[in-house]
2 protein chains.
Amino acid sequence: MGKIAYIDKWRIAETSFSEKYLAKFESIMTLGNGYLTLRNTHEEVYPTEHRNMFVAGIFNRFSPEETTELANFPDISKIEISIDGQRFSLLSGETTNYKREFNYQNGEAIRSFDWKQEEYAFHFTFRKFASMSNKHLIVHEIKIKNLGKDARITFETGIDGTYTNSGTQNFLENERRFFDNKYLYLTTKTTQSKVSVSLACYTHLDVPHVSIPQMGRRKIIEKKQVELKSDQSVCLTKQSLIKTQRDVKYSGKDYLQTELLTELSQIADQSYEILQKESAKAWQDIWDQGEIEIDSEDVKDNLLLNFARYHLHAMSPIHDDRLNIGAKGMTGEGYKGHTFWDTEIFILPYFTYTYPEFAKSLVRYRINGLAAAKANAKRNNYRGAQYPWESAWLSDGEATPKLGGVDIVTGKQSPILTGLIEHHVTGDVVYGGLQCIEATQDPKLKVDFFEVIMEAARFWASRSVYNKIKDRYEILDVIGPDEYTEHVDNNAYTNYLAKFTIDEALRAYYANDENSFKVQYQADINWLTEVSEKLYLPIPNSANVIPQDDTFLKKEMIDLSKYFESNSIGTIGLDYNMEQISNLQVCKQADVILLLQLFPEKFDYQTKLANWDYYYPKTLHDSSLSLTSHCNFALITNQIDLAYKMFKKTFDIDLGDRNMNSSDDGIHSASLGGIWQNVVRGFGGFTVQDFHVTITPKLPKQWRSLSYTVSVFNATIKVDITKTTIKTTLKKGTLSDIVINGKTLNFDKEALSVEV
Amino acid sequence: MGKIAYIDKWRIAETSFSEKYLAKFESIMTLGNGYLTLRNTHEEVYPTEHRNMFVAGIFNRFSPEETTELANFPDISKIEISIDGQRFSLLSGETTNYKREFNYQNGEAIRSFDWKQEEYAFHFTFRKFASMSNKHLIVHEIKIKNLGKDARITFETGIDGTYTNSGTQNFLENERRFFDNKYLYLTTKTTQSKVSVSLACYTHLDVPHVSIPQMGRRKIIEKKQVELKSDQSVCLTKQSLIKTQRDVKYSGKDYLQTELLTELSQIADQSYEILQKESAKAWQDIWDQGEIEIDSEDVKDNLLLNFARYHLHAMSPIHDDRLNIGAKGMTGEGYKGHTFWDTEIFILPYFTYTYPEFAKSLVRYRINGLAAAKANAKRNNYRGAQYPWESAWLSDGEATPKLGGVDIVTGKQSPILTGLIEHHVTGDVVYGGLQCIEATQDPKLKVDFFEVIMEAARFWASRSVYNKIKDRYEILDVIGPDEYTEHVDNNAYTNYLAKFTIDEALRAYYANDENSFKVQYQADINWLTEVSEKLYLPIPNSANVIPQDDTFLKKEMIDLSKYFESNSIGTIGLDYNMEQISNLQVCKQADVILLLQLFPEKFDYQTKLANWDYYYPKTLHDSSLSLTSHCNFALITNQIDLAYKMFKKTFDIDLGDRNMNSSDDGIHSASLGGIWQNVVRGFGGFTVQDFHVTITPKLPKQWRSLSYTVSVFNATIKVDITKTTIKTTLKKGTLSDIVINGKTLNFDKEALSVEV
């Protein structure tokens, strides 16, 4: 049974209905536009579905025992169909020609099939999209052609506020109205964050029918009945608008109501086609700005890239600098919409070098989060600003849950330590922000980010402990990116980032004479300087291996081949519990490999290779962040075939048909950002070094060509790489020179071409 | 397609699976034992199911905008079955020999069928019951025999706290544990009423299998996998225990945990059969105490009676006098588990005359509710005690929701007025309580009820308004039992009950010299006496018709035949809105007919007949309370055939197969009590008049015989009625005489027999 068809570089399809894979397709085919997302659940209900609609930034924390989470909105996507009183379901009857397609180019989902039961026979087509041109709009269309006996078709749809986040009710009792005999309206408020939200919808049939509005608890729906004779067709269109008080200038439910109903009446007579084309046009504008194309033997390479790009835009609330990107975007309840370091290290580069304005909004989120980060540091008895490991709404502070799954051994829920001791995020924020500032050269952003750097540096200095015997500062009891080892001292990744942060703070302090905030840090400079000078950085040992932390290299090594061979991730957890894994030389992802990428200029080629040889065989890639960073590093160490193999494996994280449950709770945002980095920075060889753009392509042999567009230093460059030439074209702005394959070329004309 | 088979006097069955009728069978086949109920949802999930488990008295009010309601408990009834990874559902595959049976004698639900899909074939049998001997216990059993190819069967079940009341989350985030590698445990608390509840379960398979505990958000489950070869069978047993802090002497979750786990381990090795037999025995003890049997041409008459009796016990929390009976018992979310006047007027007589101890508990609920009723009166600017129209937990006071369904005309939700102006409940409470006290002659109850009568009388006196012109007291702006007319003055039912209450208060005051509470009412006596003397009672007009209220007889009459002919109830609402109906001479149920039954001695036969002739043709029986009281009255007026016809119609309210959605939100408690009243008081002719037991049977010609047992004046009498004899047997206690067909006979021996 074929589960997924990869149609072309923009489209995938599910080719037969299966209840087993509902969650996977709901996630990877999520409709979204950065403002809202709608998981691609079927119109008709299945018991194991996860019907979620999220609006970026609408978090709620139901009770102190729970954590703040993206609230699952009242639903507008359920459209139940009855045939002569019997609820339609693909579990019953006989379905043929089933095809459920998603187009990542325009965000449209189309499902069609023939369906028979007894003497009933119909052809169904469902279409839907979340508009990229009107971010508050979702449009559904259902076409049914009767190929069998006459039947009464009943559609039942409206706004259903009974949905929760897995049983957690994030909205108060709602108010419902029925306007002008056609518009359904529902307004409610989150229980704790007290954000008013409103939804309005209009459902229209193209044939005469009976329409009955009905109100149930927390929901208002319309029943539309049509007598569909054999050979006749009916087309339903449903337009739904969603807004919150944050979207309007004046708050209050009446204002939302007026605005929604006015807007709904304005688009009520516009067809699905017209609305869809407007949305597709907005998507195309995005693609045009960041033009990129892989010509590979395998079209799935380009599809993977486009899948990643679609989701990066569908999930990223760049319209509001109080919002950031969730670790699963807004494609599911996993990680509750929280932002991690994934943004700065994995995702931000995509926006920094392709849509710099979007990137700035994401950096501003951290600037806007400074107050909460300071409060967080204070609560934990540190100085400066400590960014939360998981963050949600800016003022929420640390949003990491306290307890995880049940420990089979003790029967109790395991504590989650990341929120307590995984601290490197405060370095990551500075690293990503500075990269964006360097690339965009935005003076205002630079000034505003100054305080972030200074406060982050103060955090790191206060986080460091002076070791008298060794006369050095150390950072003790942390978790590095490799979460398989908890409670470690002097984690290489963490210590290097801390040092980087403090050094950048000192540099910014001395460089920026005009910054009015400067004076307040005068008293800290000696302290920061001392910690910077004496902060211990794990250096390569006699075998040229940088120890991941103080004890890693002394831990037991075991034969990992069994886990490498497994098709699933995390299989080591079936044999060892967390404490046991913590005492083995095994990495979820290798910290040192990631470290060497962030600071490639600090280490020579031999050191890089030695560390690869040491850590790679110990790395299980049980984090979805791992593959793309290791792929990148394989390219840094010139292992193109291996890198391409890893790129291929990345496909399986969300898009593949091997592990059909890996995306149930949502797709993997960091991996998506990593995919773009692999293509453009890895294979495409794009880097920025000392204010020079450098292009050093390492195309896999399977790729005939690669074109990409990058924006840097206010210039936009198109890069076209084939087996024989590297052509760079200046599309916008100016650039004095560019380094291609190590050779500096003056950009004295619009395009430069180099033979290789 | 046969929907329901009526097997015998104790059993019904659904004979083919249909998703359409899930809710009906869930309701009418609800498992229950007075402490808890479990709607009879299938083990496997269907999208349109309503999976509810309630524990009596565990109410919660999620927010001030909502009303207090029975909280839907974390679920233990869901048992998902997968066959080689595919979720089992009756929507798929081919099902034959389907039978879903419920046995009202022992409360056991059995479902069995053969099921085939491709090369898979199985015979399934599901059994379950809520134990009547251990009221905290629910037991499930699943037997699967493999009749097709080898398959891996996976059972997934545990405790799932993600369930809500239609989207309203009544429980806080829970804590989950897994004990001794086999017991699942979950504890949580209601969000507002803060009642701790805990559940524990143990699932056992009779063949070797793999067991995997899993924890999700708000739930803890176990996956049990067995490789089931062709011709092999597997049997799963699941024992679930449910307790709340109200069930244990010491509060605190650890105490609940200890108790639940100890009890679970004690019964863990007991078979389904043993536990089921213990429960059946407890049910049989109940039936033995209230022995009753109809020998009719149609076995459905006895089935209807047994159906009613089963639910009356399944729904009645007589173990705790802080609890009362819900208008839909605990069989669904309808009416949110609230208690109405249904208890005193319709249900209480069953307990009063069959299980007097149970009845006393229900009367004590009103005594215990006196403080809240006083507060209620005060809030509404009345004196005394005003019982809430809808009541839940004693201290909740008035629990009637403020808003109902959407008014199609205005598009707004309609206000619900009953909580504001349907006041007769305060008379009903006194009427029912006094009847119970008279029958049981319980001196303590009598003393304790004294204050209820006095305070209710004070309420009625303060509720009455003096009309100077007419020199009389009037009760203005009420709703009577006939809710089709709102905002009426001097509703006959209400005024007579008010007068009755005040008169009973005066009588109790003068009769009871020893009551220490008496002195506090001294100052009220003149006032109560004056209101009693001058309270206006609508009397028969020139045509001998008692006006239902001041304006009813002047309202427009329309042709109602269309609505009488309809198979559904409430069809008049499709043509008229509430305001319009309010201005017609049409009754949902006829107040005057009910009034004449409560006070039969006050009116002569001619008046009774005249009022029947006037109101009966205007009564649509759109309330489920209507049929049984009208049936009773038809018997009072000697219309036996008509009465039997109405008794037959009562069958359709819940048990029938005509309107398959009438019981979706739960069964109709008042109707159940009415059914018993029809049989024993109506056809069986049992009444208590001036401290004499009278038996005046009016058997329908279709009944060969009727036997029933009644308890009154601390005696228990068995009555056996045939076409030719009436035999009364004293089973317990003493009784000096009995009036049979108008003749007073001395009870000088154990049994008396009279030829007719």
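On a predicted model such as this, the values are computed, not experimentally measured, just so you know. (Residues numbered from 1 in each chain as written. Chains lettered and ligands numbered in written order. Predicted model: local features only at pLDDT ≥ 70, side-chain atom pairs only at ≥ 80, totals over all residues. Heavy atoms only, no water.)

Asker: Describe the overall build of chain A, naming the residues involved and giving the relevant values.
Answerer: Along chain A, the regular secondary structure elements total 19 helices and 34 strands. Scaling as 2.2 N^0.38, a compact globule of 756 residues should have a C-alpha radius of gyration of about 27 Å, and chain A matches this with 27 Å. Looking at chain A as a whole, 65% of its 756 residues qualify as buried. Put simply, of all contacts in chain A between residues at least 6 apart along the chain, 66% involve residues at least 24 apart. Taken as a whole, chain A presents about 27,500 Å² of accessible surface, with 49% of it coming from carbon and sulfur. Looking at chain A, you have 86 positive and 100 negative side-chain charges, and the mean spots of the two groups are 2 Å apart. (Helix = DSSP H or I, 4+ residues; strand = E, 2+ residues; numbered from the N terminus. Rg over C-alpha atoms; globule rule 2.2 N^0.38 Å. Buried < 20%, exposed > 50% of the residue type's maximum accessible area, 1.4 Å probe, protein only. Contact = heavy atoms within 4.5 Å. Areas by Shrake-Rupley, 256 points an atom, 1.4 Å probe, with all protein chains shown as cover. Lys, Arg positive; Asp, Glu negative; His and termini not counted. Charge placed at Lys NZ, Arg CZ, Asp CG, Glu CD.)

Asker: Please provide a residue-by-residue account of the interface of chain B and chain A, values included.
Answerer: Interface extent is often summarised as the accessible area lost during association of the parts. Tallying the contact residues gives 46 residues for chain B and 46 residues for chain A. Both faces combined, the contact of chain B with chain A buries some 3,700 Å², and carbon together with sulfur accounts for 51% of it. In this assembly, chain B and chain A are joined by eight salt bridges. Measuring nitrogen to oxygen at the nearest pair gives 2.8 Å for the salt bridge that ties R87 of chain A to E19 of chain B. Applying the counting rule to chain B against chain A returns 15 residue pairs in polar contact (both at pLDDT 80 or more). Among the secondary structure elements, those contributing two or more residues to the side of chain B that touches chain A are strand 9 (86-87), strand 15 (175-179), strand 18 (210-216) and strand 23 (403-406) of chain B. (Buried area = accessible area lost by both parts, 1.4 Å probe. Salt bridge = Lys/Arg side-chain N within 4 Å of Asp/Glu carboxyl O. Polar contact = N/O pair within 3.5 Å; in protein donor to acceptor, adjacent residues only side chain to side chain.)

Asker: Any details on the environment of K618 of chain A? Residues and values, ideally.
Answerer: All names here are of chain A. Along the polypeptide, K618 turns up in the loop between helix 16 (605-615) and helix 17 (626-636). Between the alpha carbons of K618 and I558 there is a distance of 9.2 Å; along the sequence they are 60 residues apart. Once you skip the residues sitting within four places of it in the chain, K618 turns out to touch M557, L560, Q585, V586 and C587.

Asker: Describe the side chain of S464 of chain B, naming the residues involved and giving the relevant values.
Answerer: Here S464 of chain B is to be found in the loop between helix 10 (443-463) and strand 25 (465-467). Discounting chain neighbours no more than four positions away, the residues touching S464 of chain B are Y473, E474, I475, V531 and L535 of chain B.

Asker: Which residues make up the relation of the copies chain B and chain A, and what values do they have?
Answerer: In the superposition of chain B on chain A (RMSD 0.1 Å, axial shift 0.1 Å), the rotation amounts to 180°. Taken together, the rotation and translation describe the operation of a two-fold axis. A share of 100% of interface residues in chain B that are also interface residues in chain A marks the association as one of identical surfaces. (Least-squares fit on C-alpha atoms with pLDDT ≥ 70 in both.)

Asker: Pulling in residues and values, what's your account of helix 10 (residues 443-463) of chain A?
Answerer: Residue and element names in this part refer to chain A. In a regular helix each residue adds 1.5 Å, so 21 residues correspond to 30 Å; helix 10 covers 30 Å between its end C-alpha atoms and thus fits that length. At F449, helix 10 shows its largest kink, close to 35°. Of all 21 residues in helix 10, 16 are buried; the element is thus mostly enclosed. Two or three places before K444, at the opening of helix 10, D442 has a side-chain oxygen 3.0 Å from that residue's backbone nitrogen. (Expected span 1.5 Å × (residues − 1). Bend = angle between axes of the 7 residues up to and from the residue.)

Asker: Please give an account of the sheet that holds strand 28 (residues 692-695) of chain B that cites residues and values.
Answerer: All names here are of chain B. Spatially, the four strands line up as an open sheet ordered 27-28-32-33, and their pairing is mixed. Each edge of the sheet is formed by a strand with only one pairing partner; in this case those strands are strand 27 (686-689) and strand 33 (743-746). Going across the sheet, the axis of each strand differs from the next one's by a mean of 30°, ignoring polarity. Here strand 28 pairs with strand 32 (residues 737-740) via three bridges, running parallel. Bridge pairing links I695 to I740 in strand 32. (Pairing = 2+ DSSP bridges. Axes fitted to C-alpha atoms, helices over the stretch in contact; angles between N-to-C directions.)

Asker: Which residues make up the packing of aromatic side chains, and what values do they have?
Answerer: All names here are of chain A. Throughout the structure, instances matching the rule amount to 109 aromatic pairs over all chains. Taken together, a centroid distance of 5.6 Å and an interplanar angle of 85° make the contact between F647 and F683 edge-to-face. Pair noted here: F647 is in helix 18 (residues 640-654) and F683 is in helix 19 (residues 669-683), with a separation of 36 residues, a long-range link. A single burial state applies to F647 and to F683, both of which are buried. Chaining the aromatic ring pairs together yields one cluster made of F17, Y46, F88, Y98, F113, W115, Y120, F122, F124 and F126. Geometry around W393 places R246 over its ring, the cationic atom sitting 3.5 Å from the centre. A cation sits over an aromatic face here: R472 above Y536, 3.7 Å from the ring centre. (Phe/Tyr/Trp six-rings, centres within 6.5 Å; stacked < 30°, edge-to-face > 60°. Lys NZ or Arg CZ within 6 Å of the ring centre and 35° of its normal.)

Asker: Run through the packing of helix 10 of chain B against helix 12 (residues 525-534) of chain B, naming residues and quoting values.
Answerer: A packed helix pair is summarised by two numbers, namely the angle formed by the two axes and the spacing between the axes. All names here are of chain B. Here helix 10 crosses helix 12 at 60°, and the two axes come no closer than 10 Å. Between helix 10 and helix 12, the angle falls in the class oblique. As helix 10 runs across helix 12, the sense of the crossing is left-handed. Contacts between helix 10 and helix 12 involve M454, A457, R458, A461 and S462 from the first element and I525, W527, L528 and V531 from the second. When its residues are assigned to classes, the contact of helix 10 with helix 12 shows seven nonpolar, one polar and one charged. (Parallel < 35°, antiparallel > 145°, perpendicular 65-115°, else oblique. Left-handed = near helix turned anticlockwise from the far one by under 90°. Nonpolar A, V, L, I, M, F, W, Y, C, P; charged D, E, K, R; others polar.)

Asker: Give me the lowdown on the packing of helix 5 (residues 342-354) of chain B against helix 9 (residues 425-440) of chain B, citing residues and values where you can.
Answerer: Residue and element names in this part refer to chain B. For the pair helix 5 and helix 9, the least separation of the axes is 10 Å and the interaxial angle reads 10°. With respect to their mutual orientation, helix 5 and helix 9 come out roughly parallel. Across from E344, I345, L348, P349, T352 and Y353 in helix 5, the residues of helix 9 making contact are D428, V429, Y431, G432, G433, Q435, C436 and A439.

Asker: If you had to explain the confidence of the model for chain A to someone new, which residues and values would you point to?
Answerer: With 98% of its residues at a pLDDT of 70 or more, chain A shows a mean pLDDT of 95. Two summary scores accompany this predicted model of the complex, namely pTM at 0.94 and ipTM at 0.91. (pLDDT = per-residue confidence, 0-100.)

Asker: Lay out the sheet that holds strand 5 (residues 53-55) of chain A in plain terms, naming residues and giving numbers.
Answerer: The strand order 3-4-5 (chain A) describes an open sheet built from three strands, whose pairing is antiparallel. One side of each edge strand has no neighbouring strand; the edge strands of this open sheet are strand 3 (31-32) and strand 5 of chain A.

Asker: Describe helix 3 (residues 272-289) of chain A, with residues and values.
Answerer: Residue and element names in this part refer to chain A. With 18 residues, helix 3 should reach 26 Å at 1.5 Å per residue; the first-to-last C-alpha distance of 26 Å fits that figure. Considered for burial, the residues of helix 3 that qualify are Y272, L275, Q276, S279, A282, W283, I286 and W287. Looking straight down helix 3, one finds its buried side chains confined to an arc of 145°; they lie on one side. (Arc of directions from axis to C-beta.)

Asker: Kindly report on the side chain of D737 of chain B, identifying the contributing residues and their values.
Answerer: Residues and elements named next belong to chain B. Inspection of the secondary structure assignment puts D737 in strand 32. Although D737 is buried, it makes no salt bridge; K743 carries the closest opposite charge, 14 Å away. Of the polar contacts made by the side chain of D737, one reaches the side chain of H692; its length is 2.9 Å. Beyond its immediate chain neighbours, meaning those up to four positions away, D737 contacts H692, T744, L745, N746 and F747.

Asker: So what about the pairing of strand 18 of chain B? Which residues, and what values?
Answerer: On a regular strand, one side chain projects to one face of the sheet and the next to the other, so that they alternate. Residue and element names in this part refer to chain B. Taken together, the seven bridges between strand 18 and strand 19 (residues 219-228) define a ladder with antiparallel strand orientation. By the bridge assignment for strand 19, Q214 is matched with I221. The turn linking strand 18 back onto strand 19 is made up of two residues, and R218 within it adopts a positive phi angle of 65°.

Asker: I'd like to hear about the environment of N746 of chain B, residue by residue, with values.
Answerer: All names here are of chain B. Turning to its location among the elements, N746 is positioned in strand 33. Judged by relative accessible area, which is 52%, N746 ranks as exposed. Sequence separation of N746 and L735 is 11 residues, and the distance between their C-alpha atoms is 8.4 Å. Ignoring any residue separated from it by four or fewer positions in sequence, one finds N746 in contact with S736, D737 and L752.

Asker: Provide a residue-level description of the pairing of strand 28 (residues 692-695) of chain A, including the pertinent values.
Answerer: All names here are of chain A. Examined bridge by bridge, strand 27 (residues 686-689) and strand 28 share four bridges and lie antiparallel to one another. In the strand pairing of strand 28, F686 is matched with I695. Hairpin geometry of strand 27 and strand 28 is characterised by an intervening segment of two residues between the two adjacent antiparallel strands and by a positive phi of about 50° at D690.

Asker: Describe the environment of P208 of chain B, and please don't skip the residues or the numbers.
Answerer: Here P208 of chain B shows up in the loop between strand 17 (196-205) and strand 18. Along the chain, P208 of chain B and E227 of chain B lie 19 residues apart, while their C-alpha atoms are 8.7 Å from each other.

Asker: Go over unusual backbone geometry, please, and point to the residues and values.
Answerer: Of note, the phi angle at D84 of chain A is positive, near 45°, even though the residue is not glycine. Among the structural elements, D84 of chain A can be located in the loop between strand 8 (79-83) and strand 9 (86-87). If you check the backbone angles, H621 of chain B has positive phi at about 55° while not being a glycine. Its location among the elements puts H621 of chain B in the loop between helix 16 (605-615) and helix 17 (626-636). Note on H621 of chain B: relative accessible area 12%, which makes it buried.

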